[in-house]
Amino acid sequence: MARIETPKRIRGTQDIFGEEQRRFAQVIDTFERVRRLYCFQRVEVPIFESTAVFARSLGETTDVVSKEMYSFEDRGGDSLTLRPEFTAGIARAYLTEGWQQYAPLKLVAHGPVFRYERPQKGRYRQFHQIDAEIIGAPEAAADVELLVLADQLLRELKIDDGVTLQLNTLGDAETRDAWRAALVTHFEQHEGDLSQDSKDRLTRNPLRILDSKDPKDRPIAEAAPDIDAYLTPEAGAFFESVAKGLDAAGVAWTRNSRLVRGLDYYRHTAFEFVTDRLGAQGTVLAGGRYDGLIGSLGGPETPGIGWAAGIERLAMLLDEPAVEKVDAVIVPMGAAAEARALAIVADLRRAGVAVDMAYRGNMKRRMAKADAQGARFAVILGDNELEKGVAAVKELGPGTQKEVALDALAEALR
Ligand code: ATP
Ligand code: MG
């Protein structure tokens, strides 16, 4: 008979378990706590959308749309795409669900996103993001609030040390067009020395050349004209307000006038929180203002700003998280005690005590389980104890032991 081959995990996906899972959960728990402090509402949006949602709002020339999307035809013949990010789907919902009435709307979401990329450390095909957006607010105060939220999140995760906020402005539409033209002129003068990818970008998405990691492109990108010379007075004043707001809120930042975002809809504020602790995958949280996005989806011109962070990249930076604590492990010895323990465990759990039961092996092995789970107490239950209506409660740290009446157990273990 032919051997059945074990199925394999799909390249670029992850099974997250144990310590890795605890890190993952800590990022989400902290994000949930902090977003409440900033009065952002949770939102759930679909994992897939019409392909057009992403193609239109991200722009056909971006790496994500041109190379990285998981698109497929469903059984009805519609072209669908697994979300490569949250913003476009949230913007679509804002339009189709009539959320304009709540503007300005402060939202967060988290969950899996999908990009067909070459997998490596910190880069997966299914990864996970936390995401924050403010839709319908043109004020610089929104940019500031969103950045202070990001900063507090990193502080509460205790990874702010060694992570730098790099800030730039892409100006308004007028600024961006003028700067883009100047960049094209500059890059055309050096076209022969550019990498093949950047030669392609020159016509499709010249701003992206600034972002190229190819060593051939770096000196040319470094010598490119700065946006500052092209900033309209309004765009300059907007950037100034954001910068002043961050200073007032005590958020440290540095200017990176080479920082661009890959997506076409970005205007004004663009930013990345960057670390040197993750090698080439050093951007942990990134975003910006996308005032052109909702218009490009066919909606009324609506300002918006947002950011997303890779949960895996944040999780890698955390200190080792504590294991989940168990209050007690019940160690029943003998058939009668085991039967009785089932009821005791159920009662304790209903009373809010986190308790597990050791029902395998001899006494020593059962006590070892209590130790391995980091339980505060082992509750030993044998025939003697049952007869007296008590349990022997051993506090595993100090190793002290005392008898506790069964009906007072919950109290004693809490
Ligand atoms: P990169 O330059 O690393 O490809 P990006 O600019 O494509 O990042 P964004 O679209 O801004 O990334 O996504 C926001 C965040 O999501 C990133 O800062 C990063 O933390 C995370 N991220 C992006 N792509 C991946 C991936 N393939 N695997 C894991 N995390 C990712
Ligand atoms: Mg990318």
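This one's a predicted model, so the numbers in the text were calculated from it and none came from an experiment.

**Some words on the domain arrangement of the protein chain**
- Per the domain assignment, the segments making up the protein chain are domain 1 (18-172 + 232-316) and domain 2 (328-413).
- Summarising the inter-unit geometry, the C-alpha centres of domain 1 and domain 2 are found 48 Å apart.

**Observations regarding the site of ligand 1**
- Near ligand 1 there are 16 residues, and of these Arg115, Glu117, Arg123, Tyr124 and Arg261 occur at the shortest range.
- Within the side chain of Arg115, one N or O atom sits 2.9 Å away from an oxygen atom of ligand 1.
- One nitrogen or oxygen atom from the side chain of Glu117 is found 2.6 Å from a nitrogen atom belonging to ligand 1.
- With the chains in place, 88% of the 580 Å² that ligand 1 exposes on its own is no longer accessible.
- Elements represented by at least two residues in the shell around ligand 1 include exactly strand E6 (126-135), strand E10 (283-289) and strand E11 (304-310).
- When residues in the shell around ligand 1 are grouped by element, the largest group, 4 residues, is from E10.
- Taken together, the residues of the shell around ligand 1 sort by class into 6 nonpolar, 4 polar and 6 charged.

**What to know about the sheet that holds strand E1 (residues 41-42)**
- Strand order across the open sheet formed by 8 strands is E1-E5-E6-E11-E10-E9-E7-E8, with mixed pairing between neighbours. Looking at strand neighbours, the two that pair on one side only are E1 and strand E8 (254-255), the edges of this open sheet.
- Pairing between E1 and strand E5 (residues 105-114): 2 bridges, direction parallel. Residue pairing for E5: Gln41 is matched across the bridge by Leu107.
- On the sheet, helix H1 (residues 18-37) packs against E1, E5, E6 and E11 and is oriented at approximately 165° with respect to E5.
- The strands touched by helix H4 (residues 87-96) are E5 and E6; relative to E6, the strand with the most contacts, the crossing angle is about 45°.

**Topic: the packing of aromatic side chains**
- Tallied over the full model, the rule gives 3 aromatic pairs.
- Ring centres of Phe239 and Trp253 lie 6.4 Å apart, and the angle between their planes is 80°; on these two criteria the pair is classed as edge-to-face. Taken together, the positions of Phe239 in helix H9 (residues 233-249) and Trp253 in the loop between H9 and E8 put the pair 14 residues apart, joining distant regions of the chain.

**Side note on the packing of helix H5 (residues 140-156) against H9**
- Taken N-terminus to C-terminus, the directions of H5 and H9 make an angle of 40°; their axes are 9 Å apart at the nearest point. With respect to their mutual orientation, H5 and H9 come out oblique. The handedness of the crossing between H5 and H9 comes out as right-handed. Packed against H5, whose contacting residues are Ala140, Asp143, Val144, Leu147 and Val148, the element H9 presents Phe238, Ser241, Val242, Gly245, Leu246 and Ala249 at the interface.
- Class assignment of the residues belonging to the contact of H5 with H9 gives a composition of 8 nonpolar, 2 polar and 1 charged.

**Quick look at unusual backbone geometry**
- Omega for the bond connecting Ala103 with Pro104 falls within 30 degrees of zero, at -5°, which places this linkage in the cis form.
- Topologically, Pro104 is positioned in the loop between H4 and E5.
- One non-glycine residue, Cys39, lies in the positive phi region at around 60°.
- Classification of Cys39 by relative accessible area gives exposed; the value is 57%.
- For Lys158, which is not glycine, the phi torsion reads 60° and is therefore positive.
- Its place among the elements puts Lys158 in the loop between H5 and strand E7 (163-169).
- On the basis of relative accessible area, Lys158 is assigned to the exposed category, the value being 63%.

**Some points on the UniProt feature "binding site: L-histidine" (unreviewed entry) in the protein chain**
- UniProt marks Glu85, Phe86, Thr87, Arg115, Gln129, Glu133, Arg261, Tyr265 and Tyr266 with the feature "binding site: L-histidine" (unreviewed entry), using the numbering shown here.
- Positionally, Glu85 belongs in the loop between strand E4 (79-82) and H4.
- Within the local environment of Glu85, its side chain forms a polar contact with the backbone nitrogen of Thr87, the two atoms lying 3.2 Å apart.
- Looking at the element boundaries, Tyr266 is found in the loop between E8 and strand E9 (267-275).
- Classification of Tyr266 as buried rests on a relative accessible area of 5%.
- Residues within four places of Tyr266 in sequence aside, it is in contact with Leu170, Arg176, Arg261, Gly287, Gly288, Arg289 and Tyr290.

**Quick look at the sheet that holds strand E2 (residues 48-50)**
- Strand order in the open sheet formed by 3 strands is E2-E4-E3, with antiparallel pairing between adjacent strands. The outermost strands of the open sheet, each flanked by one partner alone, are E2 and strand E3 (70-73). Neighbour-to-neighbour, the strand axes of the sheet open up by a mean angle of 30°, direction not taken into account.
- Direction of pairing for E3 relative to E4: antiparallel, over a ladder of 4 bridges. Within the sheet, the bridge partner assigned to Ser71 lies in E4 and is Thr81.
- Docked against the sheet, helix H2 (residues 51-58) engages E2, E3 and E4, running at close to 75° with respect to E2.

Conventions we followed
Residues numbered from 1 in each chain as written. Chains lettered and ligands numbered in written order. Predicted model: local features only at pLDDT ≥ 70, side-chain atom pairs only at ≥ 80, totals over all residues. Heavy atoms only, no water. Domains from an automatic or database assignment. Near = heavy atom within 4 Å. Polar contact = N/O pair within 3.5 Å; in protein donor to acceptor, adjacent residues only side chain to side chain. Areas by Shrake-Rupley, 256 points an atom, 1.4 Å probe, with all protein chains shown as cover. Helix = DSSP H or I, 4+ residues; strand = E, 2+ residues; numbered from the N terminus. Nonpolar A, V, L, I, M, F, W, Y, C, P; charged D, E, K, R; others polar. Pairing = 2+ DSSP bridges. Contact = heavy atoms within 4.5 Å. Axes fitted to C-alpha atoms, helices over the stretch in contact; angles between N-to-C directions. Phe/Tyr/Trp six-rings, centres within 6.5 Å; stacked < 30°, edge-to-face > 60°. Parallel < 35°, antiparallel > 145°, perpendicular 65-115°, else oblique. Left-handed = near helix turned anticlockwise from the far one by under 90°. Buried < 20%, exposed > 50% of the residue type's maximum accessible area, 1.4 Å probe, protein only. UniProt positions renumbered as here; feature names shortened; annotations may be inferred.

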